[in-house]
Amino acid sequence: MESAAALNVIVDNIVEMNELFTDVAMGDGLAPLLVLVGTILVVFTLGVFGALTLGAAGSLVTSS
């Protein structure tokens, strides 16, 4: 039962963090633009490194 209680705490923290992040992201000024630019940078970086990782894994499997 202890793991279920710990899971409830984690889920509650994630829900609270999501609410706080939404308040900050939809704030005044440049906050929404900064969140959008940050999201684009993270998605682009994950895409590039994901492609590089898949290429490396593919080169390990295939013969040259």
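The structure this text deals with has already been given above.
Computed from a predicted structure; not experimentally measured.

Bringing the overall build of the protein into the picture now. Along the backbone of the protein there are two helices and zero strands. For the protein, the C-alpha radius of gyration of 19 Å lies well beyond 11 Å, the compact-globule estimate for 64 residues. Projected onto its principal axes, the C-alpha coordinates of the protein cover approximately 50 × 45 × 5 Å. Taken across its 64 residues, the protein has 2% of its residues classed as buried.

Right, let's talk about a negative patch on the surface for a bit. The grouping of Asp12, Glu16, Glu19 and Asp23 at the surface amounts to a negative patch. Within the element layout of this structure, glutamate 19 appears in helix H1 (residues 2–25).

Bringing a nonpolar patch on the surface into the picture now. There is a patch of nonpolar side chains on the surface, built from Leu30, Leu33, Leu34, Leu36, Val37, Ile40 and Leu41 and spanning about 700 Å² of accessible area. By the secondary structure assignment, leucine 30 is in the loop between H1 and helix H2 (31–61). Residue leucine 30 is classed as exposed on the basis of its relative accessible area of 56%.

Okay, the packing of H1 against H2 next. At a minimum axis separation of 8 Å, H1 and H2 run at an interaxial angle of 115°. Here Phe21, Val24 and Ala25 of H1 come into contact with H2, specifically with Ala31, Pro32 and Val35. Of the residues belonging to the contact of H1 with H2, the class tally is six nonpolar, no polar and no charged.

A separate point is the environment of glutamate 16. Mapped onto the elements, glutamate 16 comes out in helix H1. Given a relative accessible area of 46%, glutamate 16 falls into the partly exposed group. With 25 residues separating them in the primary sequence, glutamate 16 and leucine 41 have C-alpha atoms 25 Å apart.

Thresholds applied
- Residues numbered from 1 in each chain as written.
- Predicted model: local features only at pLDDT ≥ 70, side-chain atom pairs only at ≥ 80, totals over all residues.
- Heavy atoms only, no water.
- Helix = DSSP H or I, 4+ residues; strand = E, 2+ residues; numbered from the N terminus.
- Rg over C-alpha atoms; globule rule 2.2 N^0.38 Å.
- Buried < 20%, exposed > 50% of the residue type's maximum accessible area, 1.4 Å probe, protein only.
- Patch = residues over 30% accessible without salt bridge, like charges linked within 9 Å, V, L, I, M, F, W, Y side chains within 5 Å.
- Areas by Shrake-Rupley, 256 points an atom, 1.4 Å probe, with all protein chains shown as cover.
- Salt bridge = Lys/Arg side-chain N within 4 Å of Asp/Glu carboxyl O.
- Lys, Arg positive; Asp, Glu negative; His and termini not counted.
- Charge placed at Lys NZ, Arg CZ, Asp CG, Glu CD.
- Axes fitted to C-alpha atoms, helices over the stretch in contact; angles between N-to-C directions.
- Contact = heavy atoms within 4.5 Å.
- Nonpolar A, V, L, I, M, F, W, Y, C, P; charged D, E, K, R; others polar.

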